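# A structural walkthrough
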Amino acid sequence: MKKFAKMSLVAALAVAGTAASAQPLAEAIKNVDVSGTVVYRYDDRAYEDDAKGVDGAKQDLSKNNYKIGLTAKAKVNDDVTAVTRFLVASDSGSFAGLDYTDGGDQNPGVTLNNVYFSYTGIANTTVNVGKQGLTTPWTVAIDADGNEQNGTGILALTNVGPVTLAGAYFNQHNTDDSGDANFGDGSDNIITVGAMANVGPVALDAWYLDMQDQFDTFTLGAAAKFDFDAVKLSLGARHTAIDLDKDNDVFTAEDAYKNDHELTKIMLGLKAGIFSANVNYGWTDKEGGYAALDNDAKTGMQGYTVQLNGVADAQYLQVKFGAQVLPSLNLSVNYHQLDKDKNSDLGRTSDLTDKELYLQASYQMSKNFGGYIRLGQNEFEDNYTDADGDVENNDGTIGRLQVQYSF
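Residues take numbers from 1 onward in each chain, read along the sequence in its written order. Whole-chain, interface and lining totals are the exception, using all residues; otherwise, since this is a predicted model, local features are given only for residues with pLDDT of at least 70 and side-chain atom pairs are given and counted only at 80 or more. To get the side-chain values, all heavy atoms of the structure are used, and hydrogens and water are removed first.

## Some details on the pattern of salt bridges
Salt bridges are identified by distance alone: a Lys or Arg side-chain nitrogen within 4 Å of an Asp or Glu carboxyl oxygen. Counted according to the given criterion, the structure contains 6 salt bridges. One salt bridge connects Lys-67 with Glu-148, and the closest N-O pair in it is separated by 2.9 Å. Remark: Glu-148 occurs in the loop between strand E6 (125-133) and strand E7 (150-160) and Lys-67 occurs in strand E2 (residues 61-75); sequence separation between them is 81 residues. You'll find Lys-67 and Glu-148 in the same group, each marked buried. Ionic pairing is found between Lys-340 and Asp-354, a salt bridge with its closest N-O pair at 3.0 Å. With a gap of 14 residues between them, Lys-340 in strand E16 (residues 329-340) and Asp-354 in strand E17 (residues 352-366) connect regions that are remote in the sequence. Labels follow the DSSP assignment, with helices taken as runs of H or I lasting at least four residues and strands as runs of E lasting at least two, numbered in each case from the N terminus. Classification of residues uses two cut-offs on accessible area relative to the type maximum, computed with a 1.4 Å probe and protein chains only: under 20% is buried, over 50% is exposed, and between them is partly exposed.

## Focus on the side chain of Thr-37
The residue Thr-37 is located in strand E1 (residues 32-47) in this model. Owing to a relative accessible area of 14%, Thr-37 belongs among the buried residues under this scheme. Discounting residues that sit within four places of it in the chain, Thr-37 has contacts with Lys-67, Ile-68, Gly-69, Ala-144, Gln-404, Tyr-405, Ser-406 and Phe-407. Whether two residues are in contact is decided by their heavy atoms: any pair within 4.5 Å suffices.

## Overview of a negative patch on the surface
Note on patches: the residues involved have over 30% relative accessible area and no salt bridge, like charges join within 9 Å, and the nonpolar side chains Val, Leu, Ile, Met, Phe, Trp and Tyr join within 5 Å. In these tables, accessible area is a Shrake-Rupley quantity obtained with a 1.4 Å probe, and a residue counts as shielded only by the protein chains included in the view. Counting rule for charge: Lys and Arg are taken as positive, Asp and Glu as negative, and neither His nor the chain ends is counted. Lysine's charge is taken at NZ, arginine's at CZ, aspartate's at CG and glutamate's at CD. Judged by side-chain charge, Asp-185, Asp-213, Asp-247 and Asp-249 come together as a negatively charged surface patch. When you line up the elements, Asp-249 lands in the loop between strand E12 (231-244) and strand E13 (260-272). Note on Asp-249: relative accessible area 46%, which makes it partly exposed.

## A closer look at the nonpolar core
Phe-183, Ile-190, Met-211, Phe-215 and Leu-293 are the most contacted members of the largest nonpolar core, which totals 16 residues. Elements with a minimum of two residues in this core: strand E8 (163-173), strand E10 (202-211) and E12. Remark: nonpolar core denotes a set of buried residues (Ala, Val, Leu, Ile, Met, Phe, Trp, Tyr, Cys) joined through side-chain atoms within 4.5 Å.

## What about a nonpolar patch on the surface?
Taken together, the side chains of Val-129, Ile-154, Tyr-169 and Ile-191 make up a nonpolar region of the molecular surface, amounting to roughly 330 Å² of accessible area. Among the secondary structure elements, Ile-191 is positioned in strand E9 (residues 190-199).

## Looking at the packing of aromatic side chains
Between the rings of Phe, Tyr and Trp (Trp by its six-membered ring), a pair exists once the centres lie within 6.5 Å; its type follows the angle of the planes, with under 30 degrees stacked, over 60 edge-to-face, and the other angles tilted. On inspection of all chains with the given rule, the structure shows 6 aromatic pairs. Ring geometry for Phe-183 against Phe-215: centres 5.0 Å apart, planes inclined by 65°, an arrangement best described as edge-to-face. Residue Phe-183 is located in the loop between E8 and E9, and its partner Phe-215 is located in strand E11 (residues 215-228); the two are separated by 32 residues in the primary sequence. Accessibility classification places Phe-183 together with Phe-215 in one group, the buried group. Just above the ring of Tyr-304 sits the side chain of Arg-374; from NZ or CZ to the centre is 4.7 Å. Think of it as a cone above the ring: NZ of Lys or CZ of Arg counts as a charge over the ring if it is within 6 Å of the ring centre and within 35 degrees of the ring normal.

## Thoughts on the environment of Asp-260
Position of Asp-260 relative to the elements: it lies in strand E13. Excluding its chain neighbours within four sequence positions, the residues that come into contact with Asp-260 are Ile-242, Asp-243, Asp-285, Glu-287 and Gly-288.

Shown next, in the form of structure tokens:
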């Protein structure tokens, strides 16, 4: 598969007119490294009486989805590598739908999601120039089964002893339509700087990002791993704050831009023999809870159908117990609970709780092929408007099948 993909890529470049620097086909293939993923997912959700959310959106779901991503790296010379990434996906870089309950198949085309040059001619330094993934804590640069945020500009990384410094500038991006919090129109300049360091078993990072006329934000994170022979322990914490600019395109209500948006989370993991346990807890500011442009980003806190990013004045608990019953089979039970406090400024007349509980079986048939099955239920409090106009709790069953091939 990999050899065929490399042959196809080289042949396509030749047809496009790159023969000006002709070389033997075998030599060209040697300089191209191809990797990628093929993912299929089926999601099914069924709610009471075909219930709709408080915003009127239909919540029942029955989707067949797929996404293909292929990254090709071609060595130009000793210091420069050309990198391209192609997607068969939706316009935002997420799943394309094969079949919907209320619609037909999609036939997405192939898009060029990344095209940049990577320069490594300076010791301990990498400089990427061109259209590339936004590698920040607020975004997801590459995702086998979700949205991908990218931008055109320059990113530099350099190692100074135990510290890695990062700096980037982008004058175009796709965060206006890719992700879960969409700001600007794609032409807002993005500037970001970061520092990462390892101090013993602890990894630290600090980042700052400014999106022109939209917001500026910072995040601080720490993570540590300890191995006590029979027991392995992991600890983590992150705090993120966003200050909105007056002319931002999302919060247009008068003085809404003045609200503070903060999300803080702590993570604890434990593994003993075949058993493992994880407990994560997060909370948001009373005025606003946006901390990530994509819920899957490091600054967010994502569950299955319940997540914390963008929910103000809330507390979020995630609990997971797992067992590696076979080298290729992992079983787990997952419980997530989102508590939203009474807040008249946010239109909440009482405390509300959303929760989900699901079982998951993950099977890794081989190193490059595996997947998982989920089955459970969730409940959204005061989310369903019945025929009489009364707001009721909304209970549903949730399930998913996912298969992934990597090459």
